[in-house]
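So the chains spell out like this:
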Amino acid sequence: MRYYIADLHFFHEGLNDKMDCRGFSSAAEMNEYILKRWNAKVRPGDDVVILGDVSLGGAEQTSGLLKELNGRLYLIEGNHDHVLRHRKFDASVFQWVKPYEELKDNKRKVVLCHYPVFCYNGQYRKGEDGTPLTYMLYGHVHDTRDEWLVDQFIHLTRQTMYQSRGADQAEPIPCQMINCFCMFSDYTPLALDEWIAVDEQRRARMGQKI
């Protein structure tokens, strides 16, 4: 099984009372909670892609914590992943580290980047039954005004009609961008279909048409 999650920010004290307001008494409490949620879901043979900003801790403490997480870890590098370049960081905790990747997930393509990509590769591809064949998974914006702006872009795009070559009529532009922000899943890595469901529920609460 493959899972995804973004913006864990291990050891980041400030996010408990600023920006995210995660509400933990300390980074240590937050780390422990994420570790518990993670290992309750992920088995040792699973794959987990972290979509950036894994830790603001030191090299050795970050390496040690990551080794406690179940599964094979992959990292899409984020803007806060400076620990990767420290000489004492154990890079072997990750199968690979990349700034961008495109993978297959149950016959669908996933475009992976820490930053939201508005016009992503394969955006218009759909199956014969009209189901999307490509998803863009991102992080970086947490649940901030920037995510609100991304949400507005997605909503506007899905309301915009286009007529492709050879089609009989116009139809809405596909836009399957999903913010895999860890707080949206209660700090639990989720499979693609689980993230699709979480995203649909969040948009329904916002009153957006899927």
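As a reminder, the structure under discussion sits directly above these lines.
Every value quoted in this text rests on a predicted model; they were computed, and no experiment measured them. (Residues numbered from 1 in each chain as written. Predicted model: local features only at pLDDT ≥ 70, side-chain atom pairs only at ≥ 80, totals over all residues. Heavy atoms only, no water.)

Enquirer: Talk me through the packing of aromatic side chains; I want residue IDs and the actual numbers.
Expert: Two measures describe an aromatic ring pair: the distance that separates the ring centres and the angle between the ring planes. What the rule picks out here adds up to 8 aromatic pairs. An aromatic cluster is defined as three or more aromatic residues linked by ring pairs; in this entry it consists of Phe24, Tyr33 and Tyr187. Between the NZ or CZ atom of lysine 98 and the centre of the ring of tryptophan 96, over which it lies, the distance is 4.7 Å. (Phe/Tyr/Trp six-rings, centres within 6.5 Å; stacked < 30°, edge-to-face > 60°. Lys NZ or Arg CZ within 6 Å of the ring centre and 35° of its normal.)

Enquirer: Give me the environment of glutamate 171: which residues, what numbers.
Expert: Within the fold, glutamate 171 resides in strand S9 (residues 171-172). Here glutamate 171 falls in the partly exposed class, since its relative accessible area comes to 26%. Sequence-wise, glutamate 171 and asparagine 31 are 140 residues apart; in three dimensions their C-alpha atoms are separated by 45 Å. If we ignore the near neighbours within four places in the chain, the residues touching glutamate 171 are Lys126, Thr160, Met161, Tyr162 and Ser164. A polar side-chain atom of glutamate 171 sits 3.2 Å from a polar atom in the side chain of lysine 126. (Helix = DSSP H or I, 4+ residues; strand = E, 2+ residues; numbered from the N terminus. Buried < 20%, exposed > 50% of the residue type's maximum accessible area, 1.4 Å probe, protein only. Contact = heavy atoms within 4.5 Å. Polar contact = N/O pair within 3.5 Å; in protein donor to acceptor, adjacent residues only side chain to side chain.)

Enquirer: Which residues make up the pattern of salt bridges, and what values go with them?
Expert: Taken as a whole, this structure holds 17 salt bridges when the rule is applied. Linking arginine 72 and aspartate 47 is a salt bridge whose minimum nitrogen-to-oxygen distance equals 2.7 Å. A residue pair is termed long-range when its members are at least 10 positions apart, and arginine 72 in strand S3 (residues 72-76) and aspartate 47 in strand S2 (residues 47-50) qualify at 25 residues. For arginine 72, a relative accessible area of 34% gives the class partly exposed. Given a relative accessible area of 17%, aspartate 47 falls into the buried group. Here the residues in one salt-bridge network are Glu147, Asp151, Asp199, Arg202 and Arg203, joined through shared partners. (Salt bridge = Lys/Arg side-chain N within 4 Å of Asp/Glu carboxyl O.)

Enquirer: For the side chain of serine 185, give the residues involved together with the corresponding values.
Expert: Topologically, serine 185 is positioned in the loop between strand S10 (177-179) and helix H4 (192-206). On the accessibility criterion, serine 185 (9% relative accessible area) is buried. At 2.7 Å, the side chain of serine 185 forms a polar contact with the backbone oxygen of threonine 188. Excluding residues within four positions of it along the chain, serine 185 makes contact with Ile5, Arg37, Leu190 and Trp195.

Enquirer: Can you lay out the sheet that holds strand S5 (residues 100-105) for me, pointing to particular residues and giving the numbers?
Expert: Spatial strand order, S5-S6-S7-S10: 4 strands in an open sheet with mixed pairing. Edge positions in the sheet fall to S5 and S10, since each of these pairs with one other strand and no more. Taken pair by pair, the neighbouring strands of this sheet meet at an average axis angle of 25°, ignoring direction. Together, strand S7 (134-138) and S10 form the strand contacts of helix H3 (residues 145-159), whose direction differs from that of S10 by roughly 160°. Sheet contacts for H4: S5, strand S6 (108-113), S7 and S10; angle to S10, the most-contacted strand, approximately 90°. (Pairing = 2+ DSSP bridges. Axes fitted to C-alpha atoms, helices over the stretch in contact; angles between N-to-C directions.)

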